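One-letter residues, chain by chain:
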Amino acid sequence: MFTLPDPDALLDALTQEEFDRNDGKMPYWATLWPSALALAEVVLADPRGLAGRRVLDLGCGLGLVGMAALARGAHVTFLDWEADAVALAVGSAWAAGFGAVEGVVADWRSPPPMRVFDLVLGADVLYEARNGPAVAKFLAGHVAPTGEAWVADPGRLHAERFPEDLAAAGLVSVERRALPPTQEARTLTLWRSARRGA
Ligand SMILES: C[S@@+](CC[C@H](N)C(=O)[O-])C[C@H]1O[C@@H](n2cnc3c(N)ncnc32)[C@H](O)[C@@H]1O
């Protein structure tokens, strides 16, 4: 998988002007976050596998979670608002020999018309107050009627509100499960959600 030798250099290079111009966009995509490692483990360990399933890696960053889904046989769409992230994630998948891959550069608050997915995966996407409601709304529109969303979070302050965000968007929490902690993340939580009545 492709990674960046020095992700912090992107943070250091960000000017206030760029930050203001780009809607407070931070280059968080360039780091592989503990939630992605934890969620990838969950995907790899799931006994059901994902053969032939349509999976979306939402806020994919470097794309580890989607790579895990590819390894389980899924057709994967990588989505991020950072074009470099999507290019790297898709490139990593191709380099690993996976062909059932596509990339979408989009803001999850205003996505282009897209299909629904059997499984939407999101690692560490709830880190700002504005994210939870927007992610929940996106999920409500893009999880298939019998599908699920799995969101992994490292104990971010704003993630505590995620169940309410899901309910407000018309989704139900199926499960809230603690994942094994790591040295970098003492708290890791998996939120599974689905459409109401599914
Ligand atoms: C903390 S990073 C996590 C990246 C990756 N999932 C991981 O865990 O390694 C959050 C990701 O969400 C993306 N992101 C944040 N806000 C977004 C938005 N409104 N639309 C699409 N992507 C967004 C960022 O560019 C970044 O890649």
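Residues numbered from 1 in each chain as written. Predicted model: local features only at pLDDT ≥ 70, side-chain atom pairs only at ≥ 80, totals over all residues.

Chemist: Please explain the site of the ligand as it appears in this structure.
Modeler: With respect to spatial proximity, 21 residues lie near the ligand, and among them Trp29, Ala36, Gly59, Gly61 and Ala123 are the closest. Taken together, the residues of the shell around the ligand break down into 13 nonpolar, three polar and five charged. (Near = placed C-beta within 6 Å. Nonpolar A, V, L, I, M, F, W, Y, C, P; charged D, E, K, R; others polar.)

Chemist: Is there a simple way to think about the nonpolar core in this case?
Modeler: Where a protein is soluble and globular, its nonpolar side chains tend to be buried together. One finds Leu39, Val65, Ala69 and Leu121 to be the most contacted residues of the largest nonpolar core, which totals 58 residues. Residue contacts for Val65: discarding those within four places in its chain leaves Ala36, Leu39, Ala40, Val43, Asp57, Leu121 and Ala123. (Core = buried A, V, L, I, M, F, W, Y, C linked by C-beta atoms within 7 Å. Buried ≥ 20, exposed ≤ 12 C-beta atoms within 10 Å, placed from the backbone. Contact = placed C-beta atoms within 7 Å.)

Chemist: Is there a simple way to think about the environment of Val90 in this case?
Modeler: Along the chain, Val90 falls in helix α5 (residues 83-95). With 22 C-beta atoms counted inside 10 Å, the residue Val90 sits in the buried group. Considered as a pair, Val90 and Arg177 are 87 residues apart in the sequence and their alpha carbons are 29 Å apart. Excluding anything up to four places from it in sequence, Val90 contacts Phe78, Val101 and Gly103. (Helix = DSSP H or I, 4+ residues; strand = E, 2+ residues; numbered from the N terminus.)

Chemist: Please clarify how the pairing of strand β5 (residues 143-153) should be interpreted in this entry.
Modeler: Residues in a regular strand point their side chains to alternate faces of the sheet. With respect to burial, β5 is a largely interior element, eight of its 11 residues being buried. As paired strands, strand β4 (residues 117-123) and β5 are joined by six bridges and run parallel to one another. Each bridged residue has a counterpart across the sheet, and for Val120 the counterpart in β5 is Ala149. Tracing the backbone out of β4, into helix α6 (residues 131-142) and back to the parallel element β5 gives a crossover that is right-handed. Here β5 pairs with strand β7 (residues 188-195) via five bridges, running antiparallel. In the sheet register, Ala149 faces β7, and the bridge partner there is Ser193. (Pairing = 2+ DSSP bridges. Right-handed = clockwise from strand over helix to strand, strands pointing away.)

Chemist: Whenever I open this one, the pairing of strand β2 (residues 75-80) confuses me. Can you help?
Modeler: The element β2 is largely enclosed, with a buried count of five among its six residues. In the sheet, strand β1 (residues 54-58) pairs with β2 via five bridges, with the strands oriented parallel. From the neighbouring strand, Arg54 faces β2, where its bridge partner is His75. Viewed along the sheet, the connection from β1 through helix α4 (residues 64-71) into β2 turns out right-handed. Here β2 pairs with strand β3 (residues 101-105) via five bridges, running parallel.

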